[in-house]
Amino acid sequence: MLWKTYRVVKTREEALEALNASRGKARVIAGGTDLIPRLKDREMEVECVVDITGIEDLRKIGMEGDCVSIGATVTHHQIVCSPLLKEKLPLLVEAAAEVGTPQVRNQGTVLGNIVNAQPAADTAVALLALGAEVNVVSEKDSRWIPLEDLYEGVGISKVKSDQQLAVEVRCPVIRKGQGYAYGRMRGRNDHWLPALNTAVVVTTKDKKFISGTIAIAPVTPRLFRAKKAEKMIKGASISEKTIAAVAQKASEEATPRDSVLRGSRKYRKEMVAILVRDVLRKAIQNIRKD
Amino acid sequence: MVRVKHQVRMIVNGEEVIGWVEPRRTLLDFIREDLNLTGTKKGCDLGNCGGCTVLMGGEPINSCLVLALEAEDQEIVTIEGLSEGMNLHPLQKAFIQHGAVQCGYCTPGMILSAKALLDENPKPTELEVRMAIAGNLCRCTGYKKIVEAILSVAGGKHPPG
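Residues numbered from 1 in each chain as written. Chains lettered and ligands numbered in written order. Predicted model: local features only at pLDDT ≥ 70, side-chain atom pairs only at ≥ 80, totals over all residues. Heavy atoms only, no water.

A. Region of interest: the sheet that holds strand β11 (residues 178–186) of chain A. All names here are of chain A. In spatial order, the strands read β11-β12-β13-β14; together these four strands make up an open sheet with antiparallel pairing. Sheet topology places β11 and β14 (224–225) at the edges, where each strand pairs with a single neighbour. Pairing of strand β13 (residues 208–217) with β14, which is carried by two bridges, proceeds in the antiparallel orientation. Paired with A215 across the bridge in β14 is R225. Across the sheet, helix α8 (residues 122–129) touches β11, β12 (194–205), β13 and β14, and the angle it forms with β12 is around 20°. (Pairing = 2+ DSSP bridges. Helix = DSSP H or I, 4+ residues; strand = E, 2+ residues; numbered from the N terminus. Contact = heavy atoms within 4.5 Å. Axes fitted to C-alpha atoms, helices over the stretch in contact; angles between N-to-C directions.)

In C-alpha cells form, the structure reads like this:
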C-alpha cells in the first residue's frame, strides 16, 4: 500500500485523464473489496487510486429498451434490493445475494466483480448466462464487449486499467417463455467460495427448448459456457431425458482442476452433472408465463 | 519520500471529525489510531473476519477494506456510539445477559451487524439473524448464544433504556 495520490473524480473524462496521466500505475476504486487486499499484498505497483464513486451517472440501475443497465458503482446490496431487477432479472438478484458477506455486498460492486475477473464470480456467471455486455470507454472510443470476451485469465480482465474504464453492464431482461435458475455448491452454508456454481437461461416454446445458455464455474481459467451442451438442448423436448443428457454433456465439457479449497477435479466433474441437472429442473419451474 | 496527506471529513458517532491522512490509510486504522476508538477490532485485515465492522450510512461494512478517504462525508457508527453514557444499548445488555461474549474480539462487529439488521427488520427470523451475522466470525461461542441474544432484543425483551 504505497500509493501517494488519491483522486476523486466527478466525470468519466476526468477519470480517463487521471488513468492516462499515471501510465499504467493507477487503479480505479469503486467498492475496493477486491482491490484493497491486493494492494495490501503489494500484488501491483500503484501510484494513484482513482475514486469513481462521485460520478453521478455510474450509480444508475435502469431500463434501456429491452435491456437492463447497471452502472459501475452499483453495489451487490443495491442489486439485491432493486424492485426493477427483482422483476426483470431475478437471476442476477439471486446470484448477487450469494456474493461474500453482508459487509462485502454493501461495499463491493458488480462491475468490480466482473473486472476482478475471478472465473467463479457469482454475478459474472449469472450475467454470462444472461448474455451481458460491458461498456468499456477510453479517451478514443466507447465499445460494448460481450462479457465472455472480457476475461484474459484468472484475475486478469481485458479492461486496460491505464487507459480504459468499464462504466456499465447491460443485458436483456427475462422474457415470456424463458426460464432461469442459479445454483451453487459449497463446503458450508456461509460466505465460503463456491466449489461450483452455474447459471442457466432457457428459451422455450410449446414444450420444447428453443435454446439455452449454460454458464459453469470455476471449471476453466476464464468464464465458461458449456457450448456442446447448449447445442444439444436446442430444439429438444422439455423432458427429464433431455435434462439428463444435457447435464452429462456439460460435465464432459467442463475441465475443473484439483483444488484444495474447492475439491478434486474428479469429484467436481461429476458434480457438474448433478448441479446442471438440478438447475435445469429449477429453470423449467421458473419459466415466465407473461 | 514526501508523504502527502489529504484532508478527510466524516461524522463519527454523531460528531464531525476532520483528519489528515495518507491515501493508503484504511478507515479501520483511522478509527483506531487517529480517533483512538479501539472498540473496532483489527483481525484478518482482509475482509474475512468482520472484527472491523462499522456502520457506514447505516450499513455494515468492513472498515479494513475501506480507505479513510472513501469515507468522506459519510456517517460512521462504531461500537462506542451505541451506548448513551453508562446506559448500554439493548443489544449490548442482551449480549451480556445471554453470555454471548467470551473473548470479546468479535463482539463489537457482531453487535453492529445485528443493529443494522434490527434497524431495517425489527422482527427477523432466526435464519435472517444468522444471515446478517454471516460476515462476523466468532471462534468461542458457537454462535448459539449470540443468535439468542439478538432474537431476544427482536422479541422486545430488552427495551431501550
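B. Geometry of the nonpolar core. I52, I114 and L127 of chain A are the most contacted members of the largest nonpolar core, which totals 60 residues. At six residues, the largest contribution of residues to this core is made by α8 of chain A. Setting aside anything within four residues of it in sequence, one finds L127 of chain A in contact with L92, V110, I114, A132, L147, V169 and C171 of chain A. Counting residues in each nonpolar core, the second largest holds 31 residues, with I29, I36 and L39 of chain A together with L28 of chain B among its members. (Core = buried A, V, L, I, M, F, W, Y, C linked by side-chain atoms within 4.5 Å. Buried < 20%, exposed > 50% of the residue type's maximum accessible area, 1.4 Å probe, protein only.)

C. How the structure looks around the interface of chain A and chain B. In this complex, chain A contributes 23 residues to the contact, which on the side of chain B involves 29 residues. Between chain A and chain B the total buried area reaches about 2200 Å² when both faces are included, carbon and sulfur atoms providing 58% of it. For the pair chain A and chain B, the number of links is one salt bridge. Close ionic contact of D45 of chain B with K40 of chain A constitutes a salt bridge, the shortest N to O distance being 2.9 Å. Going through the elements one at a time, β1 (5–8), α2 (35–40) and α6 (102–107) of chain A are the ones with two or more residues in the side of chain A that touches chain B. For the side of chain A that touches chain B, the leading source of residues is α6 of chain A, giving five residues. Broken down by class, the residue content of the side of chain A that touches chain B amounts to 10 nonpolar, 10 polar and three charged. (Buried area = accessible area lost by both parts, 1.4 Å probe. Salt bridge = Lys/Arg side-chain N within 4 Å of Asp/Glu carboxyl O. Nonpolar A, V, L, I, M, F, W, Y, C, P; charged D, E, K, R; others polar.)

D. Local environment of the packing of helix α10 (residues 240–253) of chain A against helix α11 (residues 265–285) of chain A. Residue and element names in this part refer to chain A. Axis separation between α10 and α11 bottoms out at 8 Å; the angle between their running directions is 140°. As the angle between them shows, α10 and α11 are arranged oblique. As for how α10 packs across α11, the hand of that crossing is right-handed. Where α10 abuts α11, its residues E240, I243, V246, A247, Q248, A250, S251 and E252 lie against K269, E270, V272, A273, V276, R277, L280, R281 and I284. Classifying every residue of the contact of α10 with α11 gives nine nonpolar, two polar and six charged. (Parallel < 35°, antiparallel > 145°, perpendicular 65-115°, else oblique. Left-handed = near helix turned anticlockwise from the far one by under 90°.)

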